[in-house]
Each structure stands twice: as structure tokens, then as C-alpha cells.
Amino acid sequence: RPLHTLRSIVVPVDIEHRDDTALVRVAELSAGSGAAVTALSVVLAGDDEHDLTQAEIRVRTPAARALGGRFPDNWSFRALLAETAQEGILFAAEDQDLVVLTSHGRTGLARLLEGSVAEDVVDQCPVSVLVAR
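Below, the structure is looked at part by part.

The rules behind these values
Residues numbered from 1 in each chain as written. Predicted model: local features only at pLDDT ≥ 70, side-chain atom pairs only at ≥ 80, totals over all residues. Heavy atoms only, no water. Axes fitted to C-alpha atoms, helices over the stretch in contact; angles between N-to-C directions. Helix = DSSP H or I, 4+ residues; strand = E, 2+ residues; numbered from the N terminus. Parallel < 35°, antiparallel > 145°, perpendicular 65-115°, else oblique. Left-handed = near helix turned anticlockwise from the far one by under 90°. Contact = heavy atoms within 4.5 Å. Nonpolar A, V, L, I, M, F, W, Y, C, P; charged D, E, K, R; others polar. Pairing = 2+ DSSP bridges. Salt bridge = Lys/Arg side-chain N within 4 Å of Asp/Glu carboxyl O. Buried < 20%, exposed > 50% of the residue type's maximum accessible area, 1.4 Å probe, protein only. Phe/Tyr/Trp six-rings, centres within 6.5 Å; stacked < 30°, edge-to-face > 60°. Lys NZ or Arg CZ within 6 Å of the ring centre and 35° of its normal.

**Thoughts on the packing of helix H4 (residues 85-93) against helix H6 (residues 117-124)**
Part 1 of the argument: Close contact between H4 and H6 brings their axes to 10 Å; oriented N to C, the two are set at 40°. Taken together, H4 and H6 sit at an angle that is classed as oblique. Here H4 runs over H6; the crossing is right-handed. Within the contact between the two elements, H4 uses Ala85, Gln86, Ile89 and Leu90 and H6 uses Val117, Asp120, Val121 and Gln124.
Part 2 of the argument: In terms of residue class, the contact of H4 with H6 is made up of five nonpolar, two polar and one charged.

Right, dumping it as C-alpha cells:
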């Protein structure tokens with residue numbers, strides 16, 4: 001979807017991977033546009049961790065690392081429960097202008113077995129998506 005104004009950005013954070021590329025890009029975009037940022041943690045249904053408050057706290061660690069420990073006033077943190085990461089991201093994207101995420105670059109057999117969250121989100125998202133590498 002064409003992006004005319006940038007008021008709100010959601011950035012899904014995979015706390016299992018230490019790739020802060022998306023968070024760094026979002027910080028740059030937000031600083032330049034003033035857009036509000038929501039750092040998102042998707043908790044998968046069936047996982048041992050069902051405490052959304054704890055997941056919301058855990059997503060702050062990579063954000064703090066990417067931002068040098070300081071959170072601008074326009075940043076917020078959200079955790080939600082979903083069947084898949086894609087489902088959670090797409091739900092959170094509904095009221096945003098942009099989704100920024102990273103790709104783990106799965107190809108070949110790994111792509112067939114595990115799928116690609118980034119590719120699925122790009123294909124299905126109702127708002128603009130930026131894949132940061």
C-alpha cells in the first residue's frame with residue numbers, strides 16, 4: 001500500500017534472535033517522522049510462557065540494546081497471544097501505517113519446513129511492510 005504519512009509503526013521483536021536491524025531502522029524512521037512505535041512480542045498459544053506482561057517486559061531488552069538504553073516517549077511495548085507469529089503480527093498491524101521486521105533468510109529445505117514469517121506477512125499484510133536486512 002502506498003505510504004503517504006507515517007504516524008505509527010509496529011516492529012515485531014523476536015527475542016530468540018539477537019538481530020536488532022529492524023529496531024535500529026524503526027528508531028531512525030521514528031526520529032525522522034515523529035511516528036509512534038509499538039515494539040511487539042507475539043506469544044504463541046501452547047508455549048509455556050503465557051504471561052503477556054512478562055513477554056512485554058522481555059521485549060524491552062532488545063529495544064534498549066538497539067536504542068542505547070533510552071526509550072523515546074513515543075515508544076510503547078505490547079505482547080499478544082496468537083496461534084502463529086504471522087497471525088499476531090497481522091492483527092497488530094491493522095491500525096498501523098507500517099510494519100518493520102527482519103528476515104532470518106530461510107531458504108531451501110528450512111523454508112519448506114519452518115516457513116518464512118516475513119514472506120507471509122509481506123504477502124498478507126493490509127499495510128506497508130519494510131523488511132530490514
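**Observations regarding the sheet that holds strand E4 (residues 98-102)**
Part 1 of the argument: Pairing within the open sheet is parallel, and its five strands lie in the order E3-E2-E1-E4-E5. The sheet is open, and its two borders are formed by strand E3 (75-82) and strand E5 (128-132), each paired with just one other strand. For this sheet, the mean angle separating the axes of adjacent strands, direction not counted, is 25°.
Part 2 of the argument: Here strand E2 (residues 36-44) pairs with E3 via eight bridges, running parallel.

**Comments concerning the pattern of salt bridges**
Part 1 of the argument: In total, this model carries three salt bridges according to the counting rule given.
Part 2 of the argument: As a salt-bridge pair, Asp97 and Arg7 come within 3.3 Å of each other at their nearest N and O atoms. Note that Asp97 is positioned in the loop between H4 and E4 and Arg7 in the segment before strand E1 (8-12), a separation of 90 residues in sequence.
Part 3 of the argument: Here Arg25 and Glu28 are joined by a salt bridge, their closest N and O atoms 3.6 Å apart. Of the two residues, Arg25 and Glu28 both sit in helix H1 (residues 21-33), three residues apart, roughly one turn of that helix.
Part 4 of the argument: Classification of Arg25 as partly exposed rests on a relative accessible area of 34%.
Part 5 of the argument: Judged by its relative accessible area of 48%, Glu28 is partly exposed.

**Some remarks on H4**
Part 1 of the argument: Regarding H4, the residues found buried are Gln86, Gly88, Ile89, Leu90, Ala92 and Ala93.
Part 2 of the argument: As for H4, its buried residues are in contact with E1, E2, E3, E4 and H6.

**Regarding the packing of aromatic side chains**
Think of a pair of aromatic rings as described by two things: how far the centres are apart, and how the planes are tilted against each other in angle.
Part 1 of the argument: Following the criterion strictly, the structure yields one aromatic pair and no others.
Part 2 of the argument: Ring geometry for Phe71 against Phe77: centres 5.0 Å apart, planes inclined by 75°, an arrangement best described as edge-to-face.
Part 3 of the argument: What makes Phe71 partly exposed here is its relative accessible area of 30%.
Part 4 of the argument: Directly above the aromatic system of Phe71 lies the positively charged group of Arg60, at a separation of 5.9 Å from the ring centroid.

On their own, these measurements won't tell you what the molecule is for.
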